[in-house]
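Letter by letter, the chains look like this.
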Amino acid sequence: MTRKIKRAAVIGSGVMGSGIAAHLANVGIKTLMIDLIPKQLTDKETEQGLTLSDKKVRNRLASASKQALVKQKPSPITSKQSLDLIEVGNIQDDMGRIGECDWIIEVVVENLQVKKQVLAEIDQYRKKGSIVSSNTSGISIERMVEDCSADLQKHFLGTHFFNPPRYLKLLEVIPTKWTDQHVLDDVRLIGEDVLGKGVVEAKDTPNFIANRIGTYGLLVTLKEMIDQGLSVGEVDSITGPLIGRPKSATFRTLDVVGLDTFIHVANNVFEQTDGVEKQAFQVPTIMTKMAELGWLGEKTGQGFYVKKKQNGKSHIYELNLETLEYEERKKLTTNATELAKQAKGTSGKMKALLSVEGDPASSFTWAILKQLLIYSAEHIHEIADDIVAVDRAMRWGFGWEQGPFELWDALGFRATLDRMLKEGENVPAWVTDMAVSGAESFYKTEKDAVSHYDNGTYKEQVINPKVINLKATKEARGVILQNKGASLIDLGDGVACFEFQSKSNAIGLDIIQLINQSIEEVNKNYRGMVIGNQGKNFCVGANIAMMLMEAQDGNFFEIDFVVRQFQQTMMNIKYAEKPVVVAPFNMTLGGGAEVSLPASALQAHQEAYIGLVEFGVGLIPGGGGNKELYLKQIRNLPPGVDFDLQKVANNVFETIAMAKVSTSAQEAVENGFLNKQDGISVNKDHLIHDAKQKVISLSEAGYQAPSREQVPVVGEPGYATMLLGAKSLAIGGYASEHDLKIAEKLAFVLAGGRIKQGSYVDEQYLLDIEREAFLSLIGEPKTQQRMQHMLMKGKALRN
């Protein structure tokens, strides 16, 4: 049984230390964060009459870091309530308190001697059996504790979080020769199940796995760019999504990370290797020159790129590495890049990009990928136990869609190897031996099991039982129902899963129709249903392109039909005989939120950004979202307590009119989109499993569909109250005339129309007036302009 972490301590409150403390607090772990004592008073402290012996002064560094968490963007905390779980202290007065902690994480400066001193002090105060770890990006884990007690050595390992800890999935764990296997297993499970991380075991070598491979790849890219005479912008135009990497590509990534940080990481390998590898990690002269000039990237305002304003608009310029002048940003456009843009999927794009002989983009991409693949193969046994660890580290730590060995398979294992050998490259013997043995790929899938090549044989991957892969499930079990927009899948144990599969998971008539068919199927043959998927976002809303086209053609009868169907489908979800659990994650906007609200329960990923955002395109929710958010907030109120219905209506009005989107599942609770009994999954890979378990739990508890309810409304006086606030904003210049028109419609729907305050109305009545308001607004030219602008520019128009 995995140990429970009730209290933790973080030693060091810098950016990384405070970020780790915040993430521990986000998942409900009480955390003590301590740092050094300041050596002198600030002017403000002097004015307040404080001295160096005052607690406020002695805890200043940790306190300031805690307060800074609120202002950081993106926010390290999921809710301001997380701050309540972080206590602060200092390393002289509060080290004794680590004896109360189950896990102590050292996050001090990247200096071996300093870390050894801190760990020796931790050894004095910790309780026996507590886990101790060091967050380092590359210092030897074993050397840190060579002088510590046997009990600490047994319970010590490296835990390399990637920054920012809340958002980046990778956690590298690095055991020493003394680390107890049970401790390693516990930390792995805590990382996955409690912290929501993708955990990879690395060996105690310079920069571990991800930074070792990633840094090498960046240095190779810079070298090839210079050799082939390309520019910063040209390289970034092909080393991003075209090859399955983030949009920040190469040099934008360096600007975000910070050139000083990158140089430190590169030097760490340079100083601990020799020969060809040492040369590969030598920091290029241009980088040291930029560092001397203070051009470190975002933190100093300029790096490989700089943002300048011209005529009130921001423009981004790239650095010419020869002249050190900033120039217009360039893109590399060739036959190969055009073919790649038209190809489908990462593998298709990569093959297209490499397919044109003599093409500058093809030549450059092959040059950098070839070296990356060979380097990964050369050092696999030094840095990791298997290829799976390397591929996962690069996907989870650097945001690559494919790790090196997955990429090699995607390009064709034998074709890629043959090309390397033909070009005279020195490929590691284990890879050529693998080819001689008849192997055709690094990975292979049989039934629903994935195996990887390892020392002459294929080994089945060990996967956390909480990980459900919907693609693999469909391949193994087939589908129950399917159309162009969605599928109904059998998850086993009597639970089905409704999966969106339209572009951007946008809701159209095909999805609406299949939801209804799926509910019928589930009511007959299953215990319940999960609505979830594993796309980029849960659902970004209804298909507004289709709605706009129909509106511009005057097909309001067709729009009315679709909206009626959507409303009725949401009611079918709400009143289904069997439990329906929705599993939202990432963007869950507009129609995506409307699918979520009527469910029997929600199981949301911690990074679920939920909101009814229709106001931004000149509309109000049309699928029952107004009613359901209003009802959900009423149900959130304590039973048996008198409450102010107007206050609830005002709150819902503000949430929808301001198009508020929660920045986490915890904030979605605060905004009323989740009830306190709805579940939150920290690990996105476990979300479908957790939602399935919630279905089973509801079924076993004897789930009964809710009865249709009468809804209390604020009526005409409440309508006037809500409208007064909107008119005040308009008078102050904060809302346009069209904003006010939309607000009037929204207030009318939430108030239940011009009826007596405190009246009870049927849900269908509220749906009818909602639909009428929606149809009225979509016919407005200014609403259609907003919809068009959103489709073309991806942002709201204020008109």
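Please refer to the structure higher up on the page.
Throughout what follows, the structure given in this document is the object of discussion. (Residues numbered from 1 in each chain as written. Predicted model: local features only at pLDDT ≥ 70, side-chain atom pairs only at ≥ 80, totals over all residues. Heavy atoms only, no water.)

## Considerations on the pattern of salt bridges
Pairing between side chains of opposite charge can happen when their charged atoms approach one another.
Here comes step 1: If you walk through the whole model with that rule in mind, you get 54 salt bridges.
Here comes step 2: With a shortest N-O distance of 3.4 Å, K116 and D147 are connected by a salt bridge. Separated by 31 residues along the polypeptide, K116 in helix α5 (residues 112-125) and D147 in the loop between α6 (141-144) and α7 (150-154) bring together distant segments of the chain.
Here comes step 3: Since its relative accessible area comes to 62%, D147 is described here as exposed.
Here comes step 4: Across the salt bridge formed by K223 and D227, the nearest N and O atoms sit 3.1 Å from each other. You can see K223 and its partner D227 sitting in helix α9 (residues 210-228), four residues apart, about one turn around the helix. (Salt bridge = Lys/Arg side-chain N within 4 Å of Asp/Glu carboxyl O. Helix = DSSP H or I, 4+ residues; strand = E, 2+ residues; numbered from the N terminus. Buried < 20%, exposed > 50% of the residue type's maximum accessible area, 1.4 Å probe, protein only.)

## What about helix α23 (residues 509-525)?
Here comes step 1: Between its first and last C-alpha atoms α23 spans 24 Å; for 17 residues at 1.5 Å apiece the expected length is 24 Å, and the two agree.
Here comes step 2: Looking only at α23, the buried set comprises I511, I512, L514, I515, N516, S518, I519, V522 and N523.
Here comes step 3: For α23, the secondary structure elements touched by its buried residues are β15 (479-482), β16 (486-492), β17 (495-500), β18 (528-531) and α25 (556-574). (Expected span 1.5 Å × (residues − 1). Contact = heavy atoms within 4.5 Å.)

## Considerations on the pairing of strand β4 (residues 103-106)
Here comes step 1: Burial along β4 is two-sided: the face carrying W103 and I105 and the face carrying I104 and E106 are both buried.
Here comes step 2: Two elements, strand β1 (residues 7-11) and β4, share four bridges in a ladder whose sense is parallel. The residue bridging V10 from the neighbouring strand is I105, located in β4.
Here comes step 3: Here four bridges tie β4 to strand β5 (residues 131-134), and the two strands are oriented parallel to one another. Looking at β5, one finds that E106 is bridged to S134.
Here comes step 4: What joins β4 to β5 is α5, and the crossover it makes is right-handed. (Pairing = 2+ DSSP bridges. Right-handed = clockwise from strand over helix to strand, strands pointing away.)

## Concerning the sheet that holds strand β10 (residues 313-319)
Strands pair in a sheet through their backbones, by hydrogen bonds, and they do so in one of two ways: parallel or antiparallel.
Here comes step 1: With antiparallel pairing, three strands are arranged side by side in an open sheet as β9-β10-β11. The open sheet has two edge strands, β9 (305-310) and β11 (326-328), and neither has a second partner. Each strand axis lies, on average, 50 degrees off the axis of its neighbour in the sheet, ignoring direction.
Here comes step 2: Judged from the six bridges that link them, β9 and β10 form a sheet pairing that is antiparallel. Bridge pairing in β10 places Y305 opposite E318. (Axes fitted to C-alpha atoms, helices over the stretch in contact; angles between N-to-C directions.)

## Points about the side chain of R126
Here comes step 1: With respect to the helices and strands, the residue R126 is situated in the loop between α5 and β5.
Here comes step 2: Judged by relative accessible area, R126 falls into the buried class, the value being 9%.
Here comes step 3: Other than its neighbours up to four places away in sequence, R126 contacts I98, G99, I104, V132, D151, L152 and H155.

## Things to note about helix α21 (residues 429-436)
Here comes step 1: When α21 is considered as a whole, its buried residues turn out to be W430, V431, M434 and A435. The arc that holds every buried residue of α21, seen down its axis, measures 145 degrees, which confines them to one face.
Here comes step 2: Tucked inside the fold, the buried residues of α21 contact α17 (360-383), α18 (387-398), α19 (404-411), α20 (413-422), β13 (449-454) and β14 (457-460).
Here comes step 3: Taken from the residues just after α21, G438 is the one with a positive phi, measuring 100 degrees. (Arc of directions from axis to C-beta.)

## A look at the nonpolar core
Here comes step 1: Grouped together as the largest cluster of nonpolar side chains are 109 residues, with contacts concentrated most on I11, I122, F304, W408, W430 and F442.
Here comes step 2: The contact partners of W430, leaving out residues within four places of it in the chain, are A377, I380, H381, I387, F405, F442 and Y453.
Here comes step 3: In terms of nonpolar packing, the next biggest core, distinct from the first, is built from 96 residues, L491, L514, Y630 and I778 among them. (Core = buried A, V, L, I, M, F, W, Y, C linked by side-chain atoms within 4.5 Å.)

## Considerations on the environment of N651
Here comes step 1: Position of N651 among the secondary structure elements: in helix α28 (residues 645-657).
Here comes step 2: Judged by relative accessible area, which is 31%, N651 ranks as partly exposed.
Here comes step 3: For the pair N651 and Q633, spaced 18 residues apart in sequence, the C-alpha separation works out to 9.0 Å.
Here comes step 4: One polar contact links N651 to Q633, side chain to side chain, over a distance of 2.6 Å. (Polar contact = N/O pair within 3.5 Å; in protein donor to acceptor, adjacent residues only side chain to side chain.)

## Some details on the packing of helix α31 (residues 715-731) against helix α32 (residues 737-751)
Here comes step 1: Relative to each other, α31 and α32 sit at 160 degrees, their axes nearing to 9 Å. By the angle between their axes, α31 is roughly antiparallel relative to α32. Handedness of the α31/α32 crossing: right-handed. Between α31 and α32, the residues in contact are G715, Y719, M722, L723, A726, K727 and A730 and L740, A743, E744, A747, F748, L750 and A751, respectively.
Here comes step 2: Its residues assigned to classes, the contact of α31 with α32 shows eleven nonpolar, one polar and two charged. (Parallel < 35°, antiparallel > 145°, perpendicular 65-115°, else oblique. Left-handed = near helix turned anticlockwise from the far one by under 90°. Nonpolar A, V, L, I, M, F, W, Y, C, P; charged D, E, K, R; others polar.)

## Focus on the sheet that holds β14
Here comes step 1: Reading across from one edge, β12-β13-β14 is the order of the three strands in this open sheet, with antiparallel pairing throughout. Pairing within the sheet leaves two strands with one partner each, and these edge strands are β12 (443-446) and β14. Averaged over all adjacent pairs, the angle separating strand axes in this sheet is 35 degrees, with direction ignored.
Here comes step 2: Judged from the four bridges that link them, β13 and β14 form a sheet pairing that is antiparallel. If you follow H452 over to β14, its bridge partner there is K459.

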